[in-house]
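Residues per chain are reported as follows:
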Amino acid sequence: MLELDVYHDKNLGPTSRNNSLGRLRLSSGQFVKKGEEALIYYPLERKYLLSWIRGEIGLKIYYVDEVLPPPTHVEEKKAEETPANNEAAAPASSDQQHTLAEEKPDDNNAASPVEATADPPADGEGEKADEAEGEKPAEGADQVEPEADDHDDDFVLDPTSENWAPPMQTDVLASTTSGSIPEIKVARTISAPPPLKRPATPASYASSSVDSPDHSRVERSSFDLVDKMHYVFVKVVKAGSLPTNGNPVVKIAVAGSHVTSKPARKAKYFEWDQTFAFARDTPETSSFLEVSVWSDGGGANFLGGVCFDATEIPLRDPPDSPLAPQWYRLEGGGAHRGDLMLATWIGTQADEAFPDSWKSDTAGNLINSRAKIYLSPKLWYLRASILEAQDILPLTALKEGSFQMKAQLGFQVQKTKVSLSRNGNPSWNEDLMFVAAEPFSEHLLFYLEYRQQKGSVTLGVVGVPLTSIERRVDDRKVISRWFNLEDPKSDKKGYKGRVHLSLCFDGGYHVMDEAAHMCSDYRPTARQLWKPPVGTLELGIIGCKNLLPMKTINGKGSTDAYSVAKYGSKWIRTRTVSDTLDPKWNEQYTWKVYDPCTVLTIGVFDGWGTLDIDGGKEATRPDFRMGKVRVRVSTLETGKVYKNTYPLVMLGNSGVQKMGELEVAVRFVRAAPTLDFLHVYSQPLLPLMHHIKPLGMAQQEMLRSTAVKILAAHLSRSEPPLRSEVVRYMLDADSHTFSMRKVRANWSRIVNVLSCLIDIVRWIENTRGWKNPTATILVHALIVMLVWFPDLIIPTLAFYVFVIGIWNYRFRSKDTLPHFCPKISLADNVDRDELDEEFDTMPSTRSPDVIRTRYDKLRAIGAQVQSTLGTFATQGERVQALVTWRDPRATAIFLGLCLMVAFVLYLVPPKMVAMALGFYYFRHPLFRDQMPSPLLNFFRRLPSLSDRIM
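Residues numbered from 1 in each chain as written. Predicted model: local features only at pLDDT ≥ 70, side-chain atom pairs only at ≥ 80, totals over all residues. Heavy atoms only, no water.

Peer 1: I'd love a proper account of the overall build of the chain, names of residues and values included.
Peer 2: Looking only at helices and strands, the chain has 15 helices and 41 strands in total. Per-residue burial over the chain gives 41% buried out of 950 residues. The contacts in the chain between residues at least 6 apart in sequence include a share of 70% that link residues at least 24 apart. Total accessible area on the chain stands at roughly 53,400 Å², and carbon and sulfur atoms take up 56% of it. (Helix = DSSP H or I, 4+ residues; strand = E, 2+ residues; numbered from the N terminus. Buried < 20%, exposed > 50% of the residue type's maximum accessible area, 1.4 Å probe, protein only. Contact = heavy atoms within 4.5 Å. Areas by Shrake-Rupley, 256 points an atom, 1.4 Å probe, with all protein chains shown as cover.)

Shown next, in the form of structure tokens:
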């Protein structure tokens, strides 16, 4: 919190007291980095209750990151003393390990965790301690065990199995294996699983057909909106003492899945540093985890391997420390003394190693197997005010000329109107708006063009770097500057005139990239104007069901589905699950909510990036859209989890098609106080600048289209990329194309809105016609009450609306969350020709006969619209004819009636007149004529201008 007090200096003023002129309090969340600051005027607040304060104070506030000093030499000395202490604290020798191995041959020694940089043991060094953190075991031991550290509190194993043996010594902890799965509670680190003794032959390291029973374990997980997915993680670090000079590979077989690592990097050891994740929810889950080392990827020379019992692999939750890799002795093959450093554990998708690991359900595509979070670049509106130019006459040598300014920023090109000048000093006074994205690395170019009959001639050019343009957050005036024009055809600098410009970044606007009625964020660009968030939105993308096959691979239908969600400036992309029609993601994400009247968009796509067919041509194909779901935050109750399956519906040239179902879970958690949260509903959606200097609808749509192109280009350069077609579909970039189906749907929406008024008119006519005499008598009594007590009119109307709302609560929608409705969209029975017209490109690619048919249909609809507009114009002109003396007799009659009404209301109390009119209007049909009323006949006889239309 920054507090600023303003006082009157007594040394310069007529008073001897330091009078307080106001104070200001600002939250640290409004501060920005250096370079993003802008001048903001804050209103001064009262320091005391009875203080009289007025005025504002302008501030530029920013912060600078402090550079930390380099570490001292004392820390380096402590780091050098640490290996010596570890070496002195290693009392265990190889003879002791021989004794343990002979006393308990079935035991598996568990050592303390070893860092990934630990060296494998060397031959002939069994009697002395290793200077690194590992130690060579005695011959005949089942596992290569590094020497234990003397810090016994580095890990705590709390076994629950009865067969779990207590530790024999303080240096080495031993435990016996059991057929059941021991429940392990880990305090800081977890012991590595022991390998199994089995015949070491190349055939033994193939896939095992033995299925293990289903063991369900209870785990802690922060992913509470999605289902847990169990994975067997295998991290292969490096190997030593391998009898090969090539680049060996590691093959892993578990749960019916086989994977081969990348070739090892040859350094001091053979290094891989790869992590693999195998799904355990498949029915063919194997009982064994087999890790083997081969001389090359073709499997020509088997060097050895290690086998683990899957039921003995430890369980790990993300709050626990990562499992340290261990050295294991390779069995069989040509590596008699080879060692492999790896770590294996069972975890969930919440494990920190999961995002960057190889996954069995993603076909080994590392790029698309990673779930990613993208941030949209910060977009600004750039206002370029082109005022005037001077000293242009010597370049034209004409008395009068037509001049025009063209401004260009990247692919954005805009032009001013043509200015006629006789003295060589044209003026425009026009504002051009552009969209710019941070970081600002481009130049804003201005071209002065001279208009001729043969074409335009460029007289000069000005380049302004975006980094030199001022930023503002309100409508204050920006200081304009003169820029010298340069010759575009020559590199030599010379005076070619000058142009007067006023440039600024308008940070008070919200750069629209979505449609206004389904926008996910309304905050202005300037961070100083942001308000604190009102809550948090949590989304759990569980998976899809019954997806349609989008492509055929080797004669089999296949779909490589992934999901994309967008809210505010944050995009998320799930991993691509390959070759399945029921993908499961179970990924959870969160967003900060600044306005509850916003929309979360979730889309599902079929990716082609995982394929490499026909020389990579398939990878360049656009990702196929499979549907999307929108969730409006204001429809969510606080703290309630909405878990539902939504249909994925797509509208194409052939009609509506259901592509599958998407299962998601959504929860909104309110963080702001109740009154502050409800106060948001009284605030405008868009920032203040949209109301002070509003942008036109056409200009907003043009800027929105530009923003979508910038976002698509930025996100498509990410890795993995969000392709342009995905971004455009999520932002509804093509939602404003002409569609006859949408015209009819919008007309149906208007009729549905006006249906309540139609029902009121129908009820009045039924009451007036005494269809229900009881209701008519009650209406007469209501008229008497409201006429004699007019103060009850507004309370009665408010209470009536309240009763209607309570009554409609019984008929509220029972859907968990609303989604796309083909019935409201009129997509169930739409004409194929209209769909073909809706999805046609601009300009059209259809034949001339089809275009002629569409044009004739459009002309018929235009004729009906023309007649409707003429009817409305006629009624309005008749109202004007009452006092314009277009028909002298009709105007005289109307004015006479007005004078008569005035005298009657002067003499008779208005309550009596109102009651008489009410009773007259609701009189019984026996006292009513079937002909139209005289007032309606009089109005229909008034003249209009329709007889003058040619």
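Peer 1: Kindly report on the sheet that holds strand S37 (residues 584–593), identifying the contributing residues and their values.
Peer 2: The strand order across the open sheet formed by four strands is S37-S32-S41-S40, and the pairing between neighbours is antiparallel. Unpaired on one side and paired on the other, S37 and strand S40 (641–652) mark the two borders of the sheet. Recorded for the sheet is a direction-independent mean angle of 25° between the axes of neighbouring strands. The pairing of strand S32 (residues 535–545) with strand S41 (residues 655–670) spans 10 bridges and is classified as antiparallel. Note on S41: the bridge partner recorded for Gly540 is Ala665. (Pairing = 2+ DSSP bridges. Axes fitted to C-alpha atoms, helices over the stretch in contact; angles between N-to-C directions.)

Peer 1: Report on the pairing of strand S35 (residues 561–567), specifying residues and quantitative values.
Peer 2: With seven of seven residues buried, S35 lies mostly within the body of the structure. Side chains Ala561, Ser563, Ala565 and Tyr567 project from S35 onto one buried face, and the interleaved Tyr562, Val564 and Lys566 project onto a second face that is buried too. Here S35 runs beside strand S38 (residues 599–606); their pairing, made up of six bridges, is antiparallel. Looking at the pairing, Ala565 lines up with Ile602 of S38. The pairing of S35 with strand S36 (residues 570–573) spans four bridges and is classified as antiparallel. By the bridge assignment, Lys566 is partnered in S36 with Trp571.

Peer 1: Describe the pairing of strand S27 (residues 443–451), with residues and values.
Peer 2: Direction of pairing for strand S23 (residues 401–409) relative to S27: antiparallel, over a ladder of seven bridges. Considered in S27, the bridge of Met405 is made with Leu448. Inspection of the sheet shows S27 paired to strand S28 (residues 456–465) by nine bridges, in the antiparallel sense. The residue of S28 that forms the bridge with Tyr447 is Val461. Following S27, the chain reverses through four residues before pairing antiparallel with S28; Gly455 in that reversal takes a positive phi of roughly 150°.

Peer 1: Outline helix H8 (residues 740–768), listing residues and values.
Peer 2: Over its 29 residues, H8 extends 40 Å from the first C-alpha to the last, a length consistent with the 42 Å expected when each residue adds 1.5 Å. Residues of H8 that are buried: Met740, Arg741, Ala745, Thr767 and Arg768. Residue Trp770 follows H8 closely and has a positive phi angle near 55°. (Expected span 1.5 Å × (residues − 1).)

Peer 1: For the side chain of Arg928, give the residues involved together with the corresponding values.
Peer 2: Turning to its location among the elements, Arg928 is positioned in the loop between helix H14 (910–921) and helix H15 (934–940). Despite its burial, Arg928 pairs with no opposite charge; the closest candidate is Glu765, at 6.2 Å N-O. Excluding anything up to four places from it in sequence, Arg928 contacts Arg768, Gly769, Tyr921, Phe922 and Arg923. (Lys, Arg positive; Asp, Glu negative; His and termini not counted. Salt bridge = Lys/Arg side-chain N within 4 Å of Asp/Glu carboxyl O.)

Peer 1: Pulling in residues and values, what's your account of the packing of aromatic side chains?
Peer 2: In the structure shown here, the tally under the stated rule is 22 aromatic pairs. Ring centres 5.7 Å apart and planes at 65° place the aromatic pair Tyr381 and Tyr509 in the edge-to-face group. With Tyr381 in strand S22 (residues 379–390) and Tyr509 in the loop between strand S31 (498–506) and S32, this pair connects stretches of sequence that are 128 residues apart. Classification of Tyr381 as buried rests on a relative accessible area of 1%. On the basis of an interplanar angle of 35° and a centroid distance of 6.3 Å, the ring pair of Phe799 and Phe802 is categorised as tilted. Highlighted residues: Phe799 and Phe802, both in helix H10 (residues 793–809), separated by three residues, approximately one helical turn. For Phe802, a relative accessible area of 51% puts it in the exposed group. (Phe/Tyr/Trp six-rings, centres within 6.5 Å; stacked < 30°, edge-to-face > 60°.)

Peer 1: An account of the nonpolar core is needed here, citing residue identities and associated values.
Peer 2: By size, the foremost hydrophobic cluster in this structure holds 63 residues, and its most contacted members are Tyr381, Leu537, Leu539, Trp571 and Leu662. In terms of residue count, helix H6 (residues 697–715) provides more of this core than any other element does, seven residues in total. Mapped onto the domain boundaries, this core takes at least three residues apiece from domain 3 (380–506) and domain 4 (527–609 + 622–686 + 715–731). Setting aside residues up to four positions removed in sequence, Leu539 forms contacts with Leu225, Ala565, Glu587, Gln588, Tyr589, Trp591, Leu600, Ile602, Val664, Ala665 and Val666. (Core = buried A, V, L, I, M, F, W, Y, C linked by side-chain atoms within 4.5 Å. Domains from an automatic or database assignment.)

Peer 1: Give me the sheet that holds S36: which residues, what numbers.
Peer 2: Reading across the sheet, the five strands line up as S21-S36-S35-S38-S39 and stay open at both edges, with antiparallel pairing between neighbours. Both edges of this open sheet fall to strand S21 (372–375) and strand S39 (624–632), since each of them pairs with a single strand only. Adjacent strand axes in the sheet meet at a mean angle of 20°, parallel and antiparallel pairs treated alike.

Peer 1: Tell me about the confidence of the model for the chain, residues and numbers included.
Peer 2: Across the chain, the average pLDDT comes to 79, with 79% of residues at or above 70. Low pLDDT, under 50, characterises residues 121–190; the predicted model gives this stretch 150 contacts beyond four residues in sequence or across chains. Confidence drops under pLDDT 50 across residues 199–221; counting only partners more than four residues distant or on other chains, this segment forms 53 contacts. (pLDDT = per-residue confidence, 0-100.)

Peer 1: Please provide a residue-by-residue account of the packing of helix H9 (residues 773–788) against H14, values included.
Peer 2: Viewed as axis vectors pointing N to C, H9 and H14 meet at an angle of 165°, and their least axial separation amounts to 9 Å. Classified by the angle between their axes, H9 and H14 sit roughly antiparallel to one another. The handedness of the crossing between H9 and H14 comes out as right-handed. Taking contact as the criterion, the partners of His780, Ile783, Val784, Val787 and Trp788 in H9 are, on H14, Lys911, Met912, Ala914, Met915, Gly918 and Phe919. Residues of the contact of H9 with H14, tallied by class, amount to eight nonpolar, two polar and one charged. (Parallel < 35°, antiparallel > 145°, perpendicular 65-115°, else oblique. Left-handed = near helix turned anticlockwise from the far one by under 90°. Nonpolar A, V, L, I, M, F, W, Y, C, P; charged D, E, K, R; others polar.)

Peer 1: I'd like to hear about the side chain of Asp840, residue by residue, with values.
Peer 2: Along the chain, the position of Asp840 falls in the loop between helix H11 (832–838) and helix H12 (848–880). At a separation of 3.4 Å, a polar atom in the side chain of Asp840 contacts the side chain of Thr845. With near-sequence residues (within four places) excluded, Asp840 lies in contact with Thr845, Arg846 and Arg854. (Polar contact = N/O pair within 3.5 Å; in protein donor to acceptor, adjacent residues only side chain to side chain.)

Peer 1: Go over the environment of Leu330 with me, naming the residues and quoting the values.
Peer 2: Assignment of secondary structure puts Leu330 in the loop between strand S18 (326–329) and strand S19 (339–347). A relative accessible area of 3% means that Leu330 is categorised as buried. In the structure, Leu330 is positioned 135 residues away from Pro195 in sequence and 10.0 Å away in space, judged by C-alpha atoms.

Peer 1: Could you give me a rundown of the UniProt feature "transmembrane region" (unreviewed entry) in the chain, with the residues and numbers involved?
Peer 2: Under the local residue numbering, the UniProt record ascribes the feature "transmembrane region" (unreviewed entry) to residues 777–807 and 892–922. The straight-line gap between the two end C-alpha atoms of residues 892–922 is 30 Å; of that span, 90% is helix and 0% is strand. (UniProt positions renumbered as here; feature names shortened; annotations may be inferred.)

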